[in-house]
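Tertiary structure, described
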Amino acid sequence: AIRNVETLLVHVGSIWKAHTALAFEEQKLGDWEWAPQYPTMDPPWINVAGALSDLNKGSFVKHQRFEQAGPGMQGKVLHETGQLKNSIDWSTDTSKKSVKLYATGFPATYAGYHQWGGDSSMEVKPLARATLARQLKTGPRTGKKKEALKKLGFLFQVDAMETSITQRPFLGFTDEFEAELRQELLHHLIMPGVEPVKGH
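Residues numbered from 1 in each chain as written. Predicted model: local features only at pLDDT ≥ 70, side-chain atom pairs only at ≥ 80, totals over all residues. Heavy atoms only, no water.

Moving on, we get to the overall build of the protein. In terms of regular secondary structure, the protein is built from seven helices and six strands. Counting from the amino terminus, helix and strand elements in the protein follow one another as α-β-β-α-α-β-β-α-β-α-α-β-α. The C-alpha radius of gyration computed for the protein amounts to 22 Å, which surpasses the reference 16 Å derived for 200 residues by more than 25%, pointing to a less compact arrangement than a globule. Each principal axis of the C-alpha atoms in the protein carries an extent, and together these give about 80 × 30 × 25 Å. For the protein, with 200 residues in total, the buried portion stands at 35%. If you take every contact in the protein between residues at least 6 apart in sequence, the share linking residues at least 24 apart comes to 72%. Carbon together with sulfur atoms contributes 55% to the accessible area of the protein, which is approximately 12,000 Å² in total. Each charge sign in the protein was given a centre, from 24 positive and 22 negative side chains, and these centres are 10 Å apart. (Helix = DSSP H or I, 4+ residues; strand = E, 2+ residues; numbered from the N terminus. Rg over C-alpha atoms; globule rule 2.2 N^0.38 Å. Buried < 20%, exposed > 50% of the residue type's maximum accessible area, 1.4 Å probe, protein only. Contact = heavy atoms within 4.5 Å. Areas by Shrake-Rupley, 256 points an atom, 1.4 Å probe, with all protein chains shown as cover. Lys, Arg positive; Asp, Glu negative; His and termini not counted. Charge placed at Lys NZ, Arg CZ, Asp CG, Glu CD.)

Let us now look at the pattern of salt bridges. By the definition in use, this model includes eight salt bridges. As a salt-bridge pair, aspartate 54 and lysine 62 come within 4.0 Å of each other at their nearest N and O atoms. Taking the relative accessible area as the measure of exposure, aspartate 54 reaches 1% and is therefore buried. Classification of lysine 62 as partly exposed rests on a relative accessible area of 33%. (Salt bridge = Lys/Arg side-chain N within 4 Å of Asp/Glu carboxyl O.)

Counting residues in each nonpolar core, the largest one holds 21 residues, and the members touching the most others are Trp34, Leu84 and Phe170. When residues of this core are traced back to their parent elements, those giving at least two are helix H1 (5-26), strand S4 (98-103) and helix H7 (175-188). Here this core gets eight residues from one element, more than from any other, and that element is H1. Not counting the four nearest positions on each side in its chain, leucine 84 is found in contact with Phe24, Leu78, Ala103, Pro107, Tyr110, Ala111, His114 and Phe170. Counting residues in hydrophobic clusters, the runner-up holds 16 residues, among them Ala49, Val61, Phe66 and Leu155. (Core = buried A, V, L, I, M, F, W, Y, C linked by side-chain atoms within 4.5 Å.)

Moving on, we come to the packing of H1 against H7. A pair of packed helices is captured by two measures, namely the crossing angle of their axes and the spacing between those axes. Closest axis-to-axis distance for the H1/H7 pair is 10 Å, and the angle between their directions is 160°. Classified by the interaxial angle, the pair formed by H1 and H7 is roughly antiparallel. By crossing handedness, the relation of H1 to H7 is classed as right-handed. Only Glu176, Phe177, Glu180, Leu181, Glu184, Leu185 and His188 of H7 make contact with H1, whose side of the interface consists of Thr7, Leu8, His11, Val12, Ile15, Trp16 and His19. In terms of residue class, the contact of H1 with H7 is built from seven nonpolar, four polar and three charged. (Axes fitted to C-alpha atoms, helices over the stretch in contact; angles between N-to-C directions. Parallel < 35°, antiparallel > 145°, perpendicular 65-115°, else oblique. Left-handed = near helix turned anticlockwise from the far one by under 90°. Nonpolar A, V, L, I, M, F, W, Y, C, P; charged D, E, K, R; others polar.)

To continue, consider H7. Each α-helix turn comprises 3.6 residues. Residues three or four places apart therefore point the same way. The end-to-end C-alpha distance of H7, which contains 14 residues, comes to 20 Å, matching closely the 20 Å that a straight helix rising 1.5 Å per residue would cover. Buried residues along H7 sit in contact with H1. (Expected span 1.5 Å × (residues − 1).)

Listed below in structure tokens is the structure:
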């Protein structure tokens, strides 16, 4: 009863990818609003994982690591590089009448942690400790940023940092997505006495 299955699947994949990208922009998937970064941390606030990522590269902790991102905050979660959002791709299988959506490239190695939540481990390189020591020594002697940096002192004692990643789903079926899918399906149904809709 479907006029062109292959075309329909292509349209479904495109719609699904668009709704996935929307989750990153709206910081929610349907009614599931994403939590801000480290929501239970007492002030002064610092993005510990982001800071360690900077330090492991030999870079001082970036300014944005001291600004909490998420709904109601100054910035957006999973938005700094856009790598995960931009990695989402899709493929179709006409024989199975199916569409598959997935992360590609390097983001594929960590996409699941954000989709479902979970525990992750990040190496603390000797370079990170040396860089943190330099920043603590040469940076401001007082103030919120200095106090926030002191929270990273534990990095001098460990070789890896264990992190519990908050679940922030971006892939799923929302009411809006399902409504658009139903509309798309209607355009592709072969209905006696009804002419095809142009452009579909």
